[in-house]
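Spelled out from the first residue to the last, the chains are:
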Amino acid sequence: MSKITRRNFLKVSGASMAMASAAAYTPFAIGGAAKKVVVVGGGMGGATAAKYIRLMDPKVEVTLIEPKKTYHTGFMSNEVISGDRTLESIEFGYDGLKKHGVTVVTDRVSAIDAGKKVVTTEGGKSFPYDRCIVSPGVSYKWDAYEGYDESIVDKIPHAWDGGPQTATLRDQVAAMPDGGTVVIVPPPNPFRCPPGPYERASQIAMYLKANKPKSKIIIMDQKEKFSKQGLFTQGWKRHYGYETDNSMIEWLSSTTGGKVSAISKADMTVEGEMDTIKGDVINVIPPQMAGAIAKTVGLTNDKGWCPVDGKTFESTIHKNIHVIGDAAIASPLPKSGYAASSEAKVAAAAVVALLGGGDAPHPTYVNTCYSVIAPGHGISVAMVYDYKDGKIVKVEGSGGLSPMDQTDEMRAREEQYAHSWFNNITNDTFG
Amino acid sequence: MGTKIKMMSAAVLTSGLLLSGAATAAGASADALGYTCAGCHGFNGSSRGPATPHLASASQEYVVEMMTGYKDGSIASTIMGRIAKGYSDEQFALMGEFFAKQKLTKPKQEFDAKLAKKGAKLHDKYCEKCHAEGGSSAEDDSGILAGQWVPYLKYTFADYHGDGRKMGKKMKKKMKKMNKKEGDAGIEALLNFYAEAK
Ligand SMILES: Cc1cc2nc3c(=O)[nH]c(=O)nc-3n(C[C@H](O)[C@H](O)[C@H](O)COP(=O)(O)OP(=O)(O)OC[C@H]3O[C@@H](n4cnc5c(N)ncnc54)[C@H](O)[C@@H]3O)c2cc1C
């Protein structure tokens, strides 16, 4: 029998301690295979969820399926259109996620079998999961206006995904003669990024003021009011002569000539209920619904969006599938990148807890949207949310808009903070 | 102020321990709260700039003090006032706990080596006492200066000199002394010194 020396004892107890801690920290290994999560869509929601699941529990195997090799953000794409930044500056790859141990598959998901818990792709591959996270963004209602369909986008782009259409719209605005007309047709609610169309009008006006000051922007809205309207209107008055005879921007609400019935690609016209308006550049942002795959899988309600439980983002239709981002009904959270990121972190924590056999933790959410109206003039909206009595609720007293009587100094700071936000949220998601 | 906050966060910590498993039912965890700030302040609180400040490695007390000031309006802000109003003192303590344990990744910023050298001397003379290790230490609950984004530090100095933020009595005295002797050039040198930090 060997004597237990102090040295041996340490070795033995060290080994048994290592075993004990291995057992304590790898609950999934006991049951055999590691738990599997498949994430559908590598945009703001999907990429953030994939990364944070790996951070919260590195033993979970995470596979992210996304058809595009690189992602272009929708946010700050309006600054690409005005020429203020390059298209490359809003392009992100997936190497960062791979470093966190996420398996990235370049393919498009064609079906999800919620019963068998298997995701299949157009490339013919199958991916079994314990839990699935779906963040496919939005798809477009191509039958919204007469004469309007998907084949139109080479001439009348929506530019609502970032990427190639953003470049088309930028080039069209750059090629337009001085004195030309840009027509923007924002969609009815709900849609991705409520302040986006008005930020776009501001950014295009910024470019036109400096380069083609005789030109005009006409917004034919499908609504009676819009996000941050007071702040946008104030900024437009200050920088673009809004509501004067010389106004560079004209906004028509749905009842004052905005309501659109038909679009003509051949004539480059937008037919409203009162007038038909000819545009040198036309940007129709069509009405929206959840990304097509959500409907294919049966995750949508009759309005085309996905009902979820706000605590876990698990679909209320299919168990073990969580829907986040623009596709989900998460109101009062808006359809924004910040909200998608916030929802992703809540869903990630819920998925990790549920896979481990526990309860989903208490969630917390934040949203912010910045818009730059003119050089040195940034504005924002923000809100903090909590989960109460089975619902996502705004925390009373929090959030709201930048004040109307803000000083120039603070507006200039907000522009710097808007650009910081862009750098930080993209790094949080893809870095 | 400092001791009051320390006592409060100790109370939070103890109740957290007592509740332990049940704590999840009571409210969001430190991690969950901290993660929501990343979109603006950077992954784990290291900001990619150009202006929004880092939070990583700031002391818990400092975060609580700032959040409290934003919430009651005594510290000027573009957006933090609106955000801070969404949380309780207990949640501020949890956020502070989260960011205090994060390591700061200092960004590369442009600086003038000569001015930075002068700044180092000024920092030693007027500021090191409460902003130890060249402004890298969180120990005195005074905020991280070394590696902080220069535009943010400029805004902060503007707020201190206007009525946006109040300096502690002792810091004010040192600042006055430095200002009298060095003027705005002194601040400029300090900013270059903080930008140089690696
Ligand atoms: C002009 C504009 C300005 C904006 N400004 C802001 C702003 O200032 N602040 C803000 O917070 N948000 C802003 N947004 C909104 C923001 O971009 C979106 O809300 C956000 O991207 C939503 O994230 P998501 O994950 O739901 O969708 P997305 O980011 O669109 O990601 C969806 C991904 O899923 C993939 N996908 C779709 N179908 C499949 C399939 N079948 N299989 C696999 N993958 C699939 C797509 O390729 C895509 O990469 C703006 C958007 C626009 C257009």
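Conventions adopted
- Residues numbered from 1 in each chain as written.
- Chains lettered and ligands numbered in written order.
- Predicted model: local features only at pLDDT ≥ 70, side-chain atom pairs only at ≥ 80, totals over all residues.
- Heavy atoms only, no water.
- Helix = DSSP H or I, 4+ residues; strand = E, 2+ residues; numbered from the N terminus.
- Rg over C-alpha atoms; globule rule 2.2 N^0.38 Å.
- Buried < 20%, exposed > 50% of the residue type's maximum accessible area, 1.4 Å probe, protein only.
- Contact = heavy atoms within 4.5 Å.
- Areas by Shrake-Rupley, 256 points an atom, 1.4 Å probe, with all protein chains shown as cover.
- Lys, Arg positive; Asp, Glu negative; His and termini not counted.
- Charge placed at Lys NZ, Arg CZ, Asp CG, Glu CD.
- Buried area = accessible area lost by both parts, 1.4 Å probe.
- Salt bridge = Lys/Arg side-chain N within 4 Å of Asp/Glu carboxyl O.
- Polar contact = N/O pair within 3.5 Å; in protein donor to acceptor, adjacent residues only side chain to side chain.
- Nonpolar A, V, L, I, M, F, W, Y, C, P; charged D, E, K, R; others polar.
- Pairing = 2+ DSSP bridges.
- Core = buried A, V, L, I, M, F, W, Y, C linked by side-chain atoms within 4.5 Å.
- Domains from an automatic or database assignment.
- Near = heavy atom within 4 Å.
- pLDDT = per-residue confidence, 0-100.

## Considering the overall build of chain A
Next up, step 1: A tally of helices and strands in chain A yields twelve helices and 25 strands.
Next up, step 2: Relative to the 2.2 N^0.38 estimate, which gives 22 Å for 431 residues, the radius of gyration of chain A is 25 Å and therefore close to what a compact globule would have.
Next up, step 3: Each principal axis of the C-alpha distribution contributes one length, and for chain A these read about 100 × 50 × 40 Å.
Next up, step 4: Within the span of chain A, comprising 431 residues, buried residues form 57% of the whole.
Next up, step 5: Once local pairs closer than 6 in sequence are excluded, the contacts in chain A between residues at least 24 apart make up 67%.
Next up, step 6: Looking at chain A as shown, the accessible area adds up to about 17,800 Å², and 53% of this sits on carbon and sulfur atoms.
Next up, step 7: For chain A, the separation between the mean place of its 47 positive charges and that of its 46 negative charges on side chains is 10 Å.

## As for the interface of chain B and chain A
By a widespread convention, an interface's size corresponds to the accessible area lost as its parts come together.
Next up, step 1: Taken together, the contacts link 35 residues of chain B with 40 residues of chain A.
Next up, step 2: Both faces combined, the contact of chain B with chain A buries some 3,000 Å², and carbon together with sulfur accounts for 58% of it.
Next up, step 3: Connecting chain B to chain A are two salt bridges.
Next up, step 4: Salt-bridge contacts for B:D159 lead to A:R413; the nearest nitrogen and oxygen are separated by 3.0 Å.
Next up, step 5: Our count for the contact surface shared by chain B and chain A stands at 16 residue pairs in polar contact (both at pLDDT 80 or more).
Next up, step 6: Considering only residue class, the side of chain B that touches chain A consists of 18 nonpolar, 13 polar and four charged.

## Structural notes on the environment of A:M404
Residues and elements named next belong to chain A.
Next up, step 1: Summarising the element assignment, M404 is placed in the loop between β25 (400-401) and α12 (408-430).
Next up, step 2: You can call M404 partly exposed: its relative accessible area is 43%.
Next up, step 3: Measuring from C-alpha to C-alpha, the distance between M404 and G258 comes to 26 Å, with 146 residues separating the pair along the chain.
Next up, step 4: Contacts of M404, omitting those with residues within four sequence positions, involve G230, L231, Q234 and R411.

## Focus: the pairing of strand β12 (residues 216-220) of chain A
Residue and element names in this part refer to chain A.
Next up, step 1: Judged by how many residues are buried, β12 sits mostly within the fold: four of five residues are covered.
Next up, step 2: With four bridges connecting them, strand β11 (residues 181-185) and β12 associate as parallel partners. Bridge pairing in β12 links V183 to I218.
Next up, step 3: Summarising the sheet, β12 and strand β13 (residues 249-252) pair through four bridges and their orientation is parallel. When the bridges of β13 are listed, I217 appears paired with I249.

## Describing the nonpolar core
Next up, step 1: One finds A:I112, A:I217 and A:W236 to be the most contacted residues of the largest nonpolar core, which totals 161 residues.
Next up, step 2: It is helix α11 (residues 337-355) of chain A that contributes the most residues to this core, ten residues altogether.
Next up, step 3: Here this core spans two domains, and each of domain 1 (26-100) and domain 2 (113-196) of chain B adds at least three residues to it.
Next up, step 4: In contact with A:I112, not counting residues within four places along its chain, are A:V40, A:V118, A:V119, A:Y129, A:C132, A:V134, A:V297 and A:I321.
Next up, step 5: Within the second largest apolar cluster, 18 residues are counted, among which are B:L145, B:L190, B:Y194 and B:A195.

## Some points on the site of the ligand
Residues and elements named next belong to chain A.
Next up, step 1: In the neighbourhood of the ligand, 35 residues make up the surrounding shell, with E66, Y71, S135, R192 and G337 lying closest.
Next up, step 2: Between Y71 and the ligand, the recorded distance is 2.5 Å, taken from a side-chain N or O atom to an oxygen atom.
Next up, step 3: S135 is positioned with one of its side-chain polar atoms (N or O) 2.8 Å from an oxygen atom of the ligand.
Next up, step 4: In isolation the ligand has 1,000 Å² of accessible area, and contact with the protein removes 95% of it.
Next up, step 5: Elements that contribute at least two residues to the shell around the ligand include exactly α3 (44-56), β2 (61-66), α4 (77-81), α11 and β22 (365-374).
Next up, step 6: Of the residues assigned to the shell around the ligand, the class counts are 16 nonpolar, twelve polar and seven charged.

## What about the side chain of A:D326?
Next up, step 1: Note that A:D326 resides in the loop between β20 (321-323) and β21 (328-329).
Next up, step 2: Ignoring sequence-local partners within four residues, the contact set of A:D326 consists of A:G137, A:V138, A:R192, A:W305, A:K335 and A:S336.

## A closer look at the pattern of salt bridges
All names here are of chain A.
Next up, step 1: Under the criterion given, the structure shown has 22 salt bridges over all chains.
Next up, step 2: Residue K223 pairs with D221 through a salt bridge whose shortest N-O separation is 3.0 Å. The same class applies to K223 as to D221, namely buried.
Next up, step 3: Residues R238 and D408 are paired through a salt bridge, measuring 3.0 Å at the closest nitrogen-oxygen approach. With a gap of 170 residues between them, R238 in helix α8 (residues 229-240) and D408 in helix α12 connect regions that are remote in the sequence.

## Concerning the confidence of the model for chain A
Next up, step 1: Here chain A averages 93 in pLDDT, while 93% of its residues score no lower than 70.
Next up, step 2: Confidence drops under pLDDT 50 across residues 1-29 of chain A; counting only partners more than four residues distant or on other chains, this segment forms 13 contacts.

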